[in-house]
Amino acid sequence: MMGGMAGLEGMEQPRPRSGSAAARWGLPEGLPGAGARSGPSGGDPAARALELVGDPTLDEVRLPSRPESAFTARRLTQSVLSRRWNVSQQLTEHAVLLVSELVGNAVRHTGARTFGLRMLRRRGWIRIEVRDPSRGLPCLMPVHEMDISGRGLFLVDKLSDRWGVDLLPRGKTTWFEMRVIDR
């Protein structure tokens with residue numbers, strides 16, 4: 001475990017974003033970043049998601065626990081990794097896939113109303129965390145060729161360099177880390 005990177009205990013929840021902002025930018029109500037119309041970010045849905053939802057590199061971003069939120073989480077990850085952190089295309093694609101899997105688990109298996117997304121970078125590493133209020137631990141299950149579900153943690157295990165779960169007083173943080181070449 002690395003000190004200072006895990007655990008979101010005691011973190012304040014950001015103020016809720018109003019639906020009026022989403023409407024102004026032509027985004028579906030309650031789902032920041034999901035639209036395709038132009039706004040101040042010049043029509044870039046990933047940058048628009050950062051503007052409307054918040055920056056997961058500065059503070060945890062709270063998203064509604066709905067399947068549609070996976071779209072927003074993927075857009076945020078894409079924007080941060082490819083544009084801000086200048087991470088390779090392949091690593092960005094893998095991280096986007098893994099975020100989608102962790103968000104899918106948080107939405108499907110926790111019964112939570114919201115979940116949190118946070119991204120951290122330090123020399124040579126990126127870390128992405130998904131926090132939810134459930135203390136139920138995810139299980140890495142064996143995957144068989146004909147399985148139609150249950151591959152999420154298998155993918156996290158195969159595509160990340162490290163991953164784990166930190167239990168919190170009220171919930172857990174599921175995270176993965178990937179090595180990056182600093183340019």
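This text gives an overview of the structure that appears in the document. Being a predicted model, the structure only gives us computed values, none of them experimental.

Criteria and cut-off values
- Residues numbered from 1 in each chain as written.
- Predicted model: local features only at pLDDT ≥ 70, side-chain atom pairs only at ≥ 80, totals over all residues.
- Heavy atoms only, no water.
- Axes fitted to C-alpha atoms, helices over the stretch in contact; angles between N-to-C directions.
- Helix = DSSP H or I, 4+ residues; strand = E, 2+ residues; numbered from the N terminus.
- Parallel < 35°, antiparallel > 145°, perpendicular 65-115°, else oblique.
- Left-handed = near helix turned anticlockwise from the far one by under 90°.
- Contact = heavy atoms within 4.5 Å.
- Nonpolar A, V, L, I, M, F, W, Y, C, P; charged D, E, K, R; others polar.
- Core = buried A, V, L, I, M, F, W, Y, C linked by side-chain atoms within 4.5 Å.
- Buried < 20%, exposed > 50% of the residue type's maximum accessible area, 1.4 Å probe, protein only.
- Arc of directions from axis to C-beta.
- Phe/Tyr/Trp six-rings, centres within 6.5 Å; stacked < 30°, edge-to-face > 60°.
- Lys NZ or Arg CZ within 6 Å of the ring centre and 35° of its normal.
- Pairing = 2+ DSSP bridges.

### Some words on the packing of helix H3 (residues 69-84) against helix H4 (residues 89-109)
Okay, step 1: Close contact between H3 and H4 brings their axes to 9 Å; oriented N to C, the two are set at 150 degrees. If you check the angle between H3 and H4, you find them roughly antiparallel. Considering the relative orientation of H3 and H4, their crossing is right-handed. Each of Ser69, Ala70, Ala73, Arg74, Thr77, Gln78, Leu81 and Ser82 in H3 lies in contact with H4, whose residues at this interface are Thr92, Ala95, Val96, Val99, Ser100 and Val103.
Okay, step 2: Partitioning the contact of H3 with H4 into residue classes produces 7 nonpolar, 6 polar and 1 charged.

### What about the nonpolar core?
Okay, step 1: With 31 residues, the main nonpolar core has Leu76, Leu81, Val103, Leu117, Met119, Ile128 and Phe176 as its most contacted residues.
Okay, step 2: Within the residue set of this core, elements represented by two or more residues are helix H2 (45-53), strand S1 (61-64), H3, H4, strand S2 (114-122), strand S3 (125-132), helix H5 (152-159) and strand S5 (171-179).
Okay, step 3: The greatest single-element share of this core, amounting to 8 residues, is contributed by H4.

### Let's talk about unusual backbone geometry
Okay, step 1: The phi dihedral of Asn86 is positive, around 55 degrees, even though this residue is not glycine.
Okay, step 2: When its relative accessible area of 43% is taken as the criterion, Asn86 is described as partly exposed.

### Focus: H5
Okay, step 1: Taken together, the buried positions of H5 are Gly152, Leu153 and Val156. The arc enclosing the buried residues of H5, seen along the axis, measures out at 90 degrees, which places them on a common side.
Okay, step 2: Along its buried surface, H5 packs onto H4, strand S4 (162-168) and S5.

### Notes on the packing of aromatic side chains
Okay, step 1: Summed over the entire model, instances satisfying the criterion amount to 0 aromatic pairs.
Okay, step 2: The ring of Trp175 carries Arg127 above its face, with NZ or CZ at 4.0 Å from the centroid.
Okay, step 3: The ring of Trp125 is capped by Arg162, whose NZ or CZ atom sits 3.8 Å from the centre of that ring.

### Quick word on the sheet that holds S3
Okay, step 1: The strand order S1-S2-S3-S5-S4 describes an open sheet built from 5 strands, whose pairing is antiparallel. In this open sheet, the two strands that pair with only one neighbour each are S1 and S4. Within this sheet the neighbouring strands show an average axis-to-axis angle of 20 degrees, counted without direction.
Okay, step 2: Two strands pair when backbone bridges link them, and S2 and S3 are joined in this way by 7 bridges, in the antiparallel orientation. By the bridge assignment for S3, Arg118 is matched with Glu129.
Okay, step 3: Those strands touched by H3 are S1, S2 and S3, and its axis lies near 10 degrees from that of S2.

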